[in-house]
Amino acid sequence: MPKYLIERDIPGAGKLSGQDLHAISQKSCSVLNRLGPQIQWVQSYVTDDKVYCVYIAPNEEMIRQHAQEGGFPANRISEIKTVIDPTTGE
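About the cut-offs
- Residues numbered from 1 in each chain as written.
- Predicted model: local features only at pLDDT ≥ 70, side-chain atom pairs only at ≥ 80, totals over all residues.
- Heavy atoms only, no water.
- Helix = DSSP H or I, 4+ residues; strand = E, 2+ residues; numbered from the N terminus.
- Areas by Shrake-Rupley, 256 points an atom, 1.4 Å probe, with all protein chains shown as cover.
- Lys, Arg positive; Asp, Glu negative; His and termini not counted.
- Charge placed at Lys NZ, Arg CZ, Asp CG, Glu CD.
- Buried < 20%, exposed > 50% of the residue type's maximum accessible area, 1.4 Å probe, protein only.
- Salt bridge = Lys/Arg side-chain N within 4 Å of Asp/Glu carboxyl O.
- Contact = heavy atoms within 4.5 Å.
- Pairing = 2+ DSSP bridges.
- Disulfide = S-S within 2.5 Å.

J.: Account for the overall build of the protein, naming residues and giving values.
T.: Within the protein, the secondary structure is distributed over two helices and four strands. Sequence-ordered secondary structure for the protein, helices as α and strands as β, is β-α-β-β-α-β. Across its three principal directions, the C-alpha atoms of the protein cover 40 × 30 × 20 Å. When the accessible area of the protein is evaluated, it comes to approximately 6000 Å², of which 51% is carbon and sulfur surface. The protein carries 9 positive and 11 negative side-chain charges, and their two centres are separated by 4 Å.

J.: Can you explain the side chain of Arg8? Please cite residues and give values.
T.: Note on placement: Arg8 falls in strand β1 (residues 3-9). Although Arg8 lies buried, it forms no salt bridge, and the closest oppositely charged side chain, Asp9, sits 10.0 Å away as judged by the N-O distance. The residues touching Arg8, leaving out its near neighbours within four places in the chain, are Asp49, Lys50, Val51, Cys53, Tyr55, His66, Ala67, Phe72, Pro73, Ala74 and Asn75.

J.: Describe the pairing of strand β3 (residues 50-56), and please don't skip the residues or the numbers.
T.: Along β3, five of the seven residues are buried, which leaves the element largely enclosed by surrounding structure. One ladder, built from seven bridges, connects β1 with β3; its direction is antiparallel. Bridge pairing in β3 links Lys3 to Ile56. Counting the residues between successive antiparallel strands, the hairpin from strand β2 (residues 40-46) to β3 contains three residues.

J.: Quick one: what's the story with the state of the cysteines, residue by residue and with numbers?
T.: Tallying each qualifying case throughout the model produces zero disulfides. In this model Cys29 remains outside any disulfide bridge; the closest cysteine sulfur is found in Cys53, 11 Å from its own. The exposure class assigned to Cys53 is buried, which follows from its relative accessible area of 5%.

J.: Provide a residue-level description of the pattern of salt bridges, including the pertinent values.
T.: Side-chain pairs of opposite charge can arise whenever the charged atoms involved come near each other. Taken as a whole and judged by the stated rule, the model has five salt bridges. The partner of Lys50 in a salt bridge is Asp9, and the shortest N-O contact between them spans 2.5 Å. Residue Lys50 is found in strand β3, and its partner Asp9 is found in strand β1; the two are separated by 41 residues along the sequence. In the salt-bridge network here, residues are joined through shared partners; they are Glu7, Asp9 and Lys50.

J.: Account for the environment of Thr47, with residues named and values stated.
T.: Mapped onto the fold, Thr47 is located in the loop between β2 and β3. For Thr47 and Ile63, which are 16 residues apart along the polypeptide, the C-alpha to C-alpha distance reads 21 Å. If we ignore the near neighbours within four places in the chain, the residues touching Thr47 are Ala13, Gly14 and Tyr52.

In structure tokens, the structure reads:
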């Protein structure tokens, strides 16, 4: 199943409180449960004004559906083709 990196423009994301992040996570999980097991949230990285999320899904359309139903922006969706790390160079 393809893996995607979603870039979400959220001004002030780095200043969201733990309570805000908890509520956002609950909303996301609620939508994921409705969409079914084909789409999975792996993890997210919060920066000053963006959130980068890694998802597993059958297609980009399902990622967009999750974003729309959850009220989250999905400004850029990129399919991850491969993953490298320091061990790749060994």
